[in-house]
Amino acid sequence: MFFAIRLKWERVTVSMKGFVKSFGCALAGILYTLRTQRNMKIHFAAALWVVTVGIFLDLTAAEWTDITLAVFFVLAAECINTAVEAAVNLCSPHRHHLAKAAKDCAAGAVLLAAMHALLVAFFILWPKIIRLFQL
Ligand SMILES: Nc1ncnc2c1ncn2[C@@H]1O[C@H](COP(=O)(O)OP(=O)(O)OP(=O)(O)O)[C@@H](O)[C@H]1O
């Protein structure tokens, strides 16, 4: 009985260590993207601005859901773009049309996510800002 509990506890500890390690790796990836990619810094600054304006405009829970989804979608797309760039640079240091396709498609994904974020900001924030200045 004692050994069974101890074995189970050790398994929990080991899986917790694995979880903490994966979390650390994921955080390192985000920080690497933030450190090396100018666009990620711009996205982060834009996200901070949107959150500040959102707090000021007293958004509803549904509006916050849309805004945060759009923000995290852009940040995640930028991390994936950085991963693709790093992998392509590693595998294909010389110019190749497939390397170009991979990088261009990854950049396209970021552009689409950013356009979506702009639309969401426009539909949610813009009418509120207009109303605020009409008062
Ligand atoms: N190995 C390659 N072969 C062919 N074309 C490439 C290659 N590497 C980059 N390119 C082309 O140059 C463009 C810019 O590539 P680069 O590696 O500078 O990425 P970037 O988009 O400038 O990244 P960043 O977000 O860091 O500015 C790519 O989108 C692609 O069209």
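Residues numbered from 1 in each chain as written. Predicted model: local features only at pLDDT ≥ 70, side-chain atom pairs only at ≥ 80, totals over all residues. Heavy atoms only, no water.

Asker: Explanation requested: the UniProt feature "binding site: ATP" (unreviewed entry) in the protein chain in the structure shown.
Answerer: Look at the UniProt record and you will see "binding site: ATP" (unreviewed entry) annotated at Glu85, Lys103 and Asp104. A maximum C-alpha distance of 9.5 Å is found for the annotated residues, which run over 20 residues; spatially they form one tight group. Residue position: Lys103 is located in helix H4 (residues 97-134). With residues up to four places along the chain from it excluded, the contact list for Lys103 reads Asn81, Glu85, Val88 and Asn89. Look at Asp104 and you get partly exposed, because its relative accessible area is 43%. (UniProt positions renumbered as here; feature names shortened; annotations may be inferred. Helix = DSSP H or I, 4+ residues; strand = E, 2+ residues; numbered from the N terminus. Contact = heavy atoms within 4.5 Å. Buried < 20%, exposed > 50% of the residue type's maximum accessible area, 1.4 Å probe, protein only.)

Asker: Which parts of the structure should I look at to understand the pattern of salt bridges?
Answerer: Between side chains of opposite charge, pairing is possible as soon as their charged atoms come close. According to the stated counting rule, one finds two salt bridges in the structure shown. In this structure, the salt-bridge partner of Lys128 is Glu63, at a minimum N-O distance of 3.4 Å. Taken together, the positions of Lys128 in helix H4 and Glu63 in helix H3 (residues 61-91) put the pair 65 residues apart, joining distant regions of the chain. (Salt bridge = Lys/Arg side-chain N within 4 Å of Asp/Glu carboxyl O.)

Asker: Just to check I follow, could you spell out the site of the ligand for this structure?
Answerer: For the ligand, the full set of nearby residues is Gln37, Glu85, Ser92, His94, Arg95, His96, Ala99, Lys100, Lys103 and Asp104. The backbone of His94 places a nitrogen or oxygen atom 3.3 Å from a nitrogen atom of the ligand. Taking Asp104, its side chain carries an N or O atom lying 2.6 Å from an oxygen atom of the ligand. Protein burial of the ligand: of its 610 Å² of free accessible surface, 62% is covered by the chains. Taken together, the residues that form the shell around the ligand break down as one nonpolar, four polar and five charged. (Near = heavy atom within 4 Å. Polar contact = N/O pair within 3.5 Å; in protein donor to acceptor, adjacent residues only side chain to side chain. Areas by Shrake-Rupley, 256 points an atom, 1.4 Å probe, with all protein chains shown as cover. Nonpolar A, V, L, I, M, F, W, Y, C, P; charged D, E, K, R; others polar.)

Asker: Would you explain the nonpolar core in this entry?
Answerer: Nonpolar side chains in soluble globular proteins tend to end up buried together. Ranked by size, the top nonpolar core spans 20 residues in total, and within it Leu57, Leu59, Ile67, Ile124 and Leu125 carry the most contacts. For this core, the secondary structure elements donating two or more residues are helix H2 (38-57), H3 and H4. It is H4 that contributes the most residues to this core, eight residues altogether. (Core = buried A, V, L, I, M, F, W, Y, C linked by side-chain atoms within 4.5 Å.)

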